[in-house]
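Residue-level structure breakdown
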Amino acid sequence: MDTEILQKAANEARGLAIDAIFDRASGHMGLPLGCAEIGAVLFGGLLNVNPSEPRWLNRDRFILSGGHGSMFLYAWLHLSGFPLTMDDVKGFRVTGSRTPGHPEYNPATGVECTTGPLGQGIANAVGFAISAKHAAARFNTPEHEIFSQNVYCLAGDGCIQEGISREAAAIAGRLQLDNLTLIYDANGITLDAVTEKTQIDDVAAGFRSHGWDAYEVNGHNLVEVEKVLRECRETRNGRPKLVIAKTVVAKGVPGIEGTTKGHGEGGAKLWKEAHANWGLPAEQYYVSDEVRAYMADLKAKREAAYAEWKKVYEAWRAAYPDKAAELDSGVELAAHGLSPEECSALIPEFPADTKAATRVSGAQAENAFAAKHPGFLSTSADLFSSNKNYLKDAGDFSPENYAGRNFWFGIREHAMGAICNGIAYDGLFRVSAGTFCVFVDYMRASIRVAALAHLPVAYVLTHDSVAVGEDGPTHQPVETVSGLRVIPNLDVVRPADEEETAGAWMCAMERNNGPTALILTRQNVPSLTSVEPIPAAVRRQGTLKGAYVALREQTAEPGLVIIASGSEVVLALQAAKQIGPHVRVVSMPSMFRFNNQPASYRESVLPASCERRIAIEAGKSDLWYRYVGPKGAIIGIDSFGFSAPGPQVLTELGMNVEKIVSTAAELQ
C-alpha cells in the first residue's frame with residue numbers, strides 16, 4: 001500500500017467534498033471529511049470492482065448507509081474511475097444531476113442503493129450479503145468460483161442508533177454472513193449533540209452478542225484501517241465484521257472539526273483554510289496528476305482482474321449451461337418480471353365453487369409460478385404459517401443451506417423490508433416479504449424507499465380488515481390500506497376472490513418499476529361466481545387494469561354504480577341483485593392501476609353520466625370520495641374496531657348487504 005499517495009487522495013477527496021458543498025451552500029461535510037482515509041483504503045485498492053463495468057456480477061458492493069454524506073461516495077466514485085465526471089461532481093444537488101443530495105440508486109454510476117433514512121443501508125447491506133451467499137451456493141462449482149464478493153457498508157452514529165440496525169445485525173449474525181463488513185464511523189457527533197447525550201451502550205459488545213466480530217481502529221490511520229479491513233475480507237469464520245473507526249467529524253476545518261457544527265454545511269465557507277490544512281492549493285475541485293495517475297493505473301489492474309474472472313465465468317457457462325440458463329433467468333426475472341400472460345399460464349384456474357381465504361389462493365398462485373422460476377425468493381417476519389407465502393420444496397436459507405429460497409427473518413419487519421430492498425438492488429433474484437397487514441407500518445420506511453427506488457418487491461400482507469375479529473382493534477387494520485395507497489409508486493392490490501388474487505400476483509410479477517402490496521384476507525371468501533358468472537380471465541385481466549365491471553346493468557344506462565374492493569365485492573353483487581337491474585357493480589382491487597388507465601377506459605367503467613354511486617370497503621373511507629363524487633355515498637370504517645367474532649364486527653360496522661341496500665334507497 002502506497003500510504004503517501006493514498007493520503008494525498010484522501011485529502012483531495014476531502015477537497016472535492018467541501019468545494020461542492022460550498023458551491024451549493026447545502027450538504028453534509030462531516031462524514032466525507034471524517035472518513036476520507038477509509039475511502040482511500042476501499043476505493044484506492046481494497047475493493048474488488050471494475051469501474052468500467054459497474055454492474056459486474058462479482059463486484060464487491062459498497063453501501064453508504066449515512067446517505068447524508070453523499071459527497072464521500074461521489075468523490076470516490078469519480079476519483080476511482082466510475083462514470084461520474086467532474087461536471088457531475090460540480091453538479092452536486094443541482095436539479096436533474098447525477099449527484100443528488102442523498103444517494104439515489106443509479107447502477108450506471110456505481111451507486112448501489114438509495115439511502116438517506118438512517119440505518120436503512122445497514123439492512124440493505126445484509127440483503128446484498130444474503131444475495132451473494134445465495135448466488136454462491138446456487139451457482140459456484142468446485143472448479144469455478146463465480147460469486148465471491150464482499151459487502152462493505154459505511155454507517156454513522158445515527159445509523160447505529162436506529163433500531164433497524166440491531167434488527168439487521170441480529171439476523172446477519174444468525175445467518176453467519178461472514179462476507180459482510182460494517183464500518184462504523186464513530187465520531188461521537190449527531191446533528192444536535194454529542195452522542196454521550198443520547199447513548200451509553202457498548203456497541204462492540206452488542207454486535208458481538210449478535211454473533212459478529214468487532215474491531216476498533218483509528219479511522220485516520222491508513223495502515224490500521226487497511227490491515228483490519230483486509231483481515232475482515234480474508235476471514236471467513238461464520239461471523240460478520242464490525243469495524244469501529246474512531247474519526248473526527250469534519251476533520252481539517254478550523255474551529256468546526258469535532259463539533260456538531262461539522263455535521264452539515266456550516267464550515268464549508270472555510271474551504272480555503274481547510275485546503276491549506278490538507279496541503280491542497282486554494283483551487284476548487286483540485287485533483288493532482290499523481291492521484292489521477294495512481295487511480296488510472298489501479299483501474300487498469302482492476303480491469304485485468306475482471307478479465308481473468310471473465311475467463312472463469314465463460315468456462316463455467318460452457319461447462320454448466322443449465323446453471324448459466326438459471327442465472328440468466330434469475331437476472332431477467334429480477335429486472336423484468338413475468339409478463340401477465342406467462343404468469344397467468346402458470347397459475348391454473350381455480351374451481352368455480354372455490355371458497356377460500358385470499359391468503360390461501362395467493363399461496364397457491366405464488367407456488368405455481370415460483371415452481372417454474374427458481375429466481376423467485378420468499379421472506380417472512382415469523383409468519384409463513386399465517387401469510388401462507390412459504391415456497392414448497394424450495395428449502396430454507398440458512399448457514400447449512402444457503403441455496404434455500406425461504407428466508408426466516410424473525411419478528412423484524414423493518415429490517416425485513418430493507419433487506420428485501422438490498423436483494424432487489426443486487427439484481428440477481430426477485431423477492432417477496434410477508435407479514436400481517438396491520439404490522440406493515442413497522443416497515444413503512446423500507447417500503448417508501450422501495451417505491452422511490454423503483455424496486456419490484458412484493459409484499460404479502462394478510463389479515464386485511466376487521467374480519468380478524470377476536471384479536472381486536474390492535475390487529476384490525478382499518479387505516480392501513482389507505483395509508484399504503486398514498487405512497488407514490490406503490491401498487492396496492494386488494495383482490496376479491498381467488499381469480500382476482502391470481503391477477504394480483506400477475507400485477508406484482510409484471511412490475512419492473514416499483515413495489516406491489518397484496519392485501520389478502522384471513523377469512524374465507526366466496527368466489528364471485530357464487531353470485532355472478534364472471535369468467536376467470538375477466539377477473540384476472542380486470543385486476544391488471546385496476547377495476548372492471550363485475551356486474552353490468554340490464555338497462556340502457558346504469559342508474560346506480562356500486563364500487564367495492566376485496567371481500568366487500570361479493571356483498572356489492574348480492575346487494576345489486578336486491579336493488580334492481582339498473583345497478584352496475586365495479587370491482588376495484590387497485591386504485592393505482594385504475595388511475596393509470598386511459599381516460600376512455602376509466603369512463604367505460606365509471607361513466608360520468610351516473611352520479612348515484614356507492615363505495616364500500618372495510619377500511620377508511622377518505623380515498624373513495626374520488627370515485628363517488630359529491631352525490632355519492634361511502635360505506636367505510638372510520639373508527640377502530642373491537643374484539644368479537646369477525647362476522648359480528650363486520651355486521652355491526654356496516655359491512656353487509658342490508659347497509660348497501662338502505663344506502664342506495666337514501667341516495668337522491
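Okay, so let's go over this structure. The model shown is predicted, which means the values in this text are computed figures rather than measured ones.

1. Some points on the nonpolar core
One broad rule of soluble globular proteins: the nonpolar side chains tend to lie buried together. Core analysis: the largest hydrophobic core is formed by 81 residues, its most contacted members being Ile-130, Tyr-459 and Leu-484. Looking at which element gives the most residues to this core, the answer is helix α6 (residues 120–139), with nine residues. Ignoring sequence-local partners within four residues, the contact set of Ile-130 consists of Leu-175, Leu-177, Phe-397, Phe-407, Phe-409, Ile-419 and Ile-423. Of all hydrophobic cores here, the second largest spans 64 residues; its members include Ile-38, Leu-64, Phe-72 and Val-228.

2. Brief notes about unusual backbone geometry
Leaving glycine aside, a negative phi is the common case for residues, and trans is the common case for peptide bonds. One non-glycine residue with positive phi stands out, namely Gln-176, at about 55 degrees. Along the chain, the position of Gln-176 falls in the loop between α8 (163–174) and β3 (180–186). A positive phi is found at His-454, a non-glycine position, where the angle reads about 65 degrees. Inspection of the secondary structure puts His-454 in the loop between α18 (444–452) and β10 (458–462).

3. So, the pairing of strand β5 (residues 241–246)
Taking burial as the measure, the six residues of β5 include five buried ones, the bulk of the element. As paired elements, strand β4 (residues 213–218) and β5 share six bridges and run parallel to each other. Considered in β5, the bridge of Val-217 is made with Ala-245. This β-α-β element, β4 to helix α10 (residues 222–234) to β5, shows right-handed connectivity.

4. Quick word on the packing of α6 against helix α17 (residues 413–426)
Close contact between α6 and α17 brings their axes to 7 Å; oriented N to C, the two are set at 55 degrees. With respect to their mutual orientation, α6 and α17 come out oblique. Relative to α17, the crossing made by α6 is right-handed. Along the contact surface, α6 presents Gln-120, Ala-123, Asn-124, Val-126, Gly-127, Phe-128, Ile-130, Ser-131 and Ala-132, while α17 presents His-414, Ala-415, Ala-418, Ile-419, Asn-421, Gly-422, Ile-423, Tyr-425 and Asp-426. By residue class, the composition of the contact of α6 with α17 is 10 nonpolar, seven polar and one charged.

5. As for the packing of helix α1 (residues 3–24) against helix α4 (residues 70–79)
Following both chains from N to C, one finds α1 and α4 inclined at 125 degrees, their axes separated by 9 Å at the closest point. Accordingly, the angle class assigned to the pair α1 and α4 is oblique. As α1 runs across α4, the sense of the crossing is right-handed. Residue-level contacts link Ala-9, Ala-10, Ala-13, Leu-16, Ala-17, Ala-20 and Ile-21 of α1 to Met-71, Ala-75, Trp-76, His-78 and Leu-79 of α4. For the contact of α1 with α4, a count of residues per class yields 11 nonpolar, one polar and no charged.

6. Some points on the pattern of salt bridges
On inspection of all chains with the given rule, the structure shows 29 salt bridges. Of the charged contacts in the structure, one is a salt bridge between Lys-577 and Glu-532, with a shortest N-O distance of 2.8 Å. With Lys-577 in helix α22 (residues 569–579) and Glu-532 in the loop between β13 (525–526) and α21 (536–545), this pair connects stretches of sequence that are 45 residues apart. Here Lys-577 falls in the partly exposed class, since its relative accessible area comes to 48%. Assessed through its relative accessible area of 18%, Glu-532 is described here as buried. Where salt bridges share partners, they join Asp-464, Arg-485, Arg-494, Glu-568 and Glu-617 into one cluster.

7. Things to note about the environment of Thr-109
Along the chain, the position of Thr-109 falls in the loop between α5 (86–90) and α6. Note: C-alpha distance between Thr-109 and Lys-269 (160 residues apart in sequence) is 29 Å. When neighbours within four sequence positions are excluded, Thr-109 is seen to be in contact with Leu-77, Phe-82, Pro-83, Leu-84 and Arg-98.

8. Describing the state of the cysteines
Every disulfide links exactly two cysteines, by a covalent bond between their sulfur atoms. Tallied over the entire structure, the rule returns zero disulfides. No disulfide involves Cys-159; its nearest neighbouring cysteine sulfur is the one of Cys-153, lying 7.0 Å away.

9. Side note on helix α15 (residues 358–370)
In a regular helix each residue adds 1.5 Å, so 13 residues correspond to 18 Å; α15 covers 18 Å between its end C-alpha atoms and thus fits that length. Buried residues dominate α15, accounting for 11 of its 13 residues. When we look at burial in α15, the residues that qualify are Thr-358, Arg-359, Ser-361, Gly-362, Ala-363, Ala-365, Glu-366, Asn-367, Ala-368, Phe-369 and Ala-370.

10. Regarding the layout of surface pockets
One number sums up the size of the largest pocket: a volume of about 420 Å³. Of all the secondary-structure elements, those providing two or more residues to the lining of the largest pocket are α12 (289–319), α13 (321–336) and α17. Ranked by residues supplied to the lining of the largest pocket, first place goes to α13 with five residues.

11. Some points on the side chain of Arg-540
For Arg-540, the position within the fold is in helix α21. In this structure the side chain of Arg-540 is engaged in a polar contact, spanning 3.1 Å, whose partner is the backbone oxygen of Ile-347. Other than its neighbours up to four places away in sequence, Arg-540 contacts Ser-344, Ile-347, Pro-348, Glu-349, Phe-350, Glu-499, Ala-502, Gly-503 and Met-506.

Rules and cut-offs
Residues numbered from 1 in each chain as written. Predicted model: local features only at pLDDT ≥ 70, side-chain atom pairs only at ≥ 80, totals over all residues. Heavy atoms only, no water. Core = buried A, V, L, I, M, F, W, Y, C linked by side-chain atoms within 4.5 Å. Buried < 20%, exposed > 50% of the residue type's maximum accessible area, 1.4 Å probe, protein only. Helix = DSSP H or I, 4+ residues; strand = E, 2+ residues; numbered from the N terminus. Contact = heavy atoms within 4.5 Å. Pairing = 2+ DSSP bridges. Right-handed = clockwise from strand over helix to strand, strands pointing away. Axes fitted to C-alpha atoms, helices over the stretch in contact; angles between N-to-C directions. Parallel < 35°, antiparallel > 145°, perpendicular 65-115°, else oblique. Left-handed = near helix turned anticlockwise from the far one by under 90°. Nonpolar A, V, L, I, M, F, W, Y, C, P; charged D, E, K, R; others polar. Salt bridge = Lys/Arg side-chain N within 4 Å of Asp/Glu carboxyl O. Disulfide = S-S within 2.5 Å. Expected span 1.5 Å × (residues − 1). 1 Å grid on protein atoms, 1.4 Å probe; cavity = no way out; pocket = protein on both sides within 12 Å on 5 of 7 lines; lining within 4 Å. Points joined across faces, edges and corners; volume = space filled by probe spheres on them. Polar contact = N/O pair within 3.5 Å; in protein donor to acceptor, adjacent residues only side chain to side chain.

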